[in-house]
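# A structural walkthrough
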Amino acid sequence: MKLKVILIFFILKCFSFSEILTVPESYSTIQLAINASSDLDTILVSPGVYQENINYNGRNVVITSLYVIAQDSSLISETIIDGGENGSVVIFNNDETEDAILQGFTIQNGDGYYADPDGNGTFYTYGGGIYCEGSDPVIRDCIIQDNIANEGGGGGIFCYNASPRFYGCIINGNETDDVGGGLYSRVSSSPEFYDCTFFENIAEYGAGCYLRNESSPIMQNVIFNQNTANNSGGGITLDA
């Protein structure tokens, strides 16, 4: 009964008092729908492979597969955002809040965002799957897999001064030749993970997670399994 109440509340939050933009029926790409959206709108994405890299661009919108309606987990693996090794698959870097929601997708084949988050003139590649800077989005029921971020870190996810929340996500098979195969979190970031799995991620240091610069994550019912560090920290590395 509690799960049903939560589901009904979430659907009402998504679809009440907002416009619904459909992909590919009304917009051929997810990014075109984002560009046309306003805060609290919902972008509803049908199954398929979407070869694109998306940026929320400060829009506090819900982007969801049909999983949110059908509650059929197969729709997660059938609704794919494929970055095509052309940057981070999903970017949050314009002060997005918890009203920016991503749900029910497979996020794959990103190779990171070339950025200088410190503002010191040094650019590296971060966050193959998800790049999150100065934002606090919510990511639910997603598979973040087969992304890379070499010479920077965070093959699956990169957080910089950001506090995203992840629910029911699988972070799998992501890789970097630097730090944080699954997650690289730094500069006062406080990401939260609930009922998530870090599986078969690879890094030089901190294959599952690499946490530094006052990062203070919350992890509840999180599994680390078969992550491989070439140097140290197969599961988690904590650094000053």
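Presented here is an overview of the structure given in this document. Because the structure is a prediction, the values reported are computed rather than measured.

## What to know about the overall build of the protein
Summing up its helical and strand segments, the protein has four helices and 26 strands in all. Radius of gyration (C-alpha) of the protein: 17 Å, near the 18 Å computed for a compact globule of 240 residues. C-alpha atoms of the protein, sized along the principal axes, occupy 50 × 40 × 30 Å. Looking at the protein as a whole, 50% of its 240 residues are labelled buried. The contacts of the protein with a sequence gap of at least 6 include a subset with a gap of at least 24, amounting to 74%. On the protein, roughly 10100 Å² of surface is accessible, and the fraction owed to carbon and sulfur atoms is 48%.

## Considering the sheet that holds strand 5 (residues 62–65)
Taken in spatial order, the eight strands line up as 1-2-5-8-13-16-19-23 in an open sheet, and their pairing is parallel. Each end of this open sheet is capped by a strand with a single partner; those strands are strand 1 (20–23) and strand 23 (218–220). Ignoring which end each strand starts from, the neighbouring axes of this sheet average 10 degrees apart. By the bridge criterion, three bridges tie strand 8 (residues 101–103) to strand 13 (residues 138–140) in an arrangement that is parallel.

## Section: the nonpolar core
By size, the foremost hydrophobic cluster in this structure holds 38 residues, and its most contacted members are Ile30 and Ile63. Broken down by secondary-structure element, the contributors of at least two residues to this core are strand 1, helix 2 (30–36), strand 2 (42–45), strand 7 (90–92), strand 12 (130–133), strand 15 (157–160) and strand 22 (209–211). Considering each element in turn, this core owes the most residues, three residues, to helix 2. In this view, Ile63 contacts Ile30, Ile34, Ile43, Val45, Ile54, Tyr56, Ile101, Leu102, Gln103 and Phe105; residues no more than four positions away in its chain are not counted. Core analysis: the second largest hydrophobic core is formed by nine residues, Tyr126, Phe158, Tyr160 and Tyr184 among them.

## As for the environment of Ile202
By the element assignment, Ile202 lies in strand 21 (residues 202–205). Along the chain, Ile202 and Asn227 lie 25 residues apart, while their C-alpha atoms are 6.0 Å from each other. Sequence-distant contacts of Ile202, that is, excluding residues within four places in its chain, are made with Asn174, Glu175, Thr176, Gly181, Ala207, Thr228 and Asn230.

## Some words on unusual backbone geometry
Between Val23 and the following residue, Pro24, the backbone shows a cis peptide bond with an omega angle of 5 degrees. Mapped onto the secondary structure, Pro24 falls in the loop between strand 1 and helix 2. With a phi angle near 55 degrees, Glu200 is a residue other than glycine that sits in the positive phi range. With respect to the helices and strands, Glu200 occurs in the loop between strand 20 (197–199) and strand 21. On the accessibility criterion, Glu200 (37% relative accessible area) is partly exposed.

## Observations regarding the sheet that holds strand 26 (residues 236–238)
Judged by pairing direction, the sheet is parallel, and its seven strands sit side by side in the order 4-7-12-15-18-22-26 without closing on themselves. Here the strands that pair on one side only, and so sit at the sheet edges, are strand 4 (54–55) and strand 26. Judged from the three bridges that link them, strand 22 and strand 26 form a sheet pairing that is parallel. Directly across from Tyr210, in strand 26, lies its bridge partner Thr237.

## Focus: the environment of Glu19
With respect to the helices, strands and loops of the structure, Glu19 is situated in the loop between helix 1 (2–15) and strand 1. Among the residues examined, Glu19 registers a relative accessible area of 46% and is labelled partly exposed. It is 14 Å that separates the C-alpha atoms of Glu19 and Thr64, two residues lying 45 residues apart in sequence. Beyond its immediate sequence surroundings of up to four residues, Glu19 is in contact with Asp41 and Thr42.

## Looking at the side chain of Asp41
Note on placement: Asp41 falls in the loop between helix 2 and strand 2. Summary of buried charges: Asp41 has no salt-bridge partner, and the nearest side chain of opposite charge, Arg59, is 7.6 Å away. Of the polar contacts made by the side chain of Asp41, one reaches the backbone nitrogen of Glu19; its length is 3.0 Å.

## Quick look at the pairing of strand 6 (residues 79–82)
Across the two faces of strand 6 the burial is the same, with Thr79 and Ile81 and Ile80 and Asp82 all buried. Pairing geometry for strand 3 (residues 48–51) and strand 6, over four bridges, is parallel. Residue pairing across strands places Gln51 opposite Asp82, the latter belonging to strand 6. Bridge analysis of strand 6 against strand 9 (residues 106–108) gives three bridges, and the strand direction is parallel. The partner of Asp82 across the bridge, within strand 9, is Gln108.

The rules behind these values
- The residue count restarts for each chain, going from 1 along the sequence in the order it is written.
- At least 70 in pLDDT is required for a residue's local features to be given in this predicted model, at least 80 for side-chain atom pairs to be given and counted, and no such filter applies to totals for whole chains, interfaces and linings, which use all residues.
- Working from all heavy atoms in the structure, the side-chain values ignore hydrogens and water.
- Here a helix means four or more residues in a row that DSSP labels H or I, a strand means two or more in a row labelled E, and each is numbered from the N terminus.
- The globule rule is 2.2 Å times the number of residues to the power 0.38, and the radius of gyration it is compared with is taken over C-alpha atoms.
- Exposed residues in this analysis have more than 50% of their type's maximum accessible area, buried residues have under 20%, and partly exposed residues fall in between, with area computed by a 1.4 Å probe over protein chains only.
- Note on contacts: a residue pair is in contact if any heavy atoms of the two residues lie within 4.5 Å.
- For accessible areas, the Shrake-Rupley method is used with a probe of radius 1.4 Å. Any residue's cover is judged against the shown protein chains and nothing else.
- Here, strands pair whenever DSSP counts at least two bridges between them.
- Angles here are taken between N-to-C directions and fall from 0 to 180 degrees, while the axes themselves are lines fitted to C-alpha atoms, restricted in helices to the stretch in contact.
- For the purposes of this section, nonpolar cores are sets of buried Ala, Val, Leu, Ile, Met, Phe, Trp, Tyr and Cys residues that join through side-chain atoms within 4.5 Å.
- Residues counted as positive are Lys and Arg, residues counted as negative are Asp and Glu, and His and the chain ends are not counted.
- Put simply, a salt bridge is a Lys or Arg side-chain nitrogen that is within 4 Å of an Asp or Glu carboxyl oxygen.
- Here a polar contact is taken to be a pair of N or O atoms separated by no more than 3.5 Å, where protein atoms must pair a possible hydrogen donor with a possible acceptor and residues adjacent in sequence count only if both atoms sit in side chains.

Spatial relationships are all this shows, so hold off on functional conclusions.
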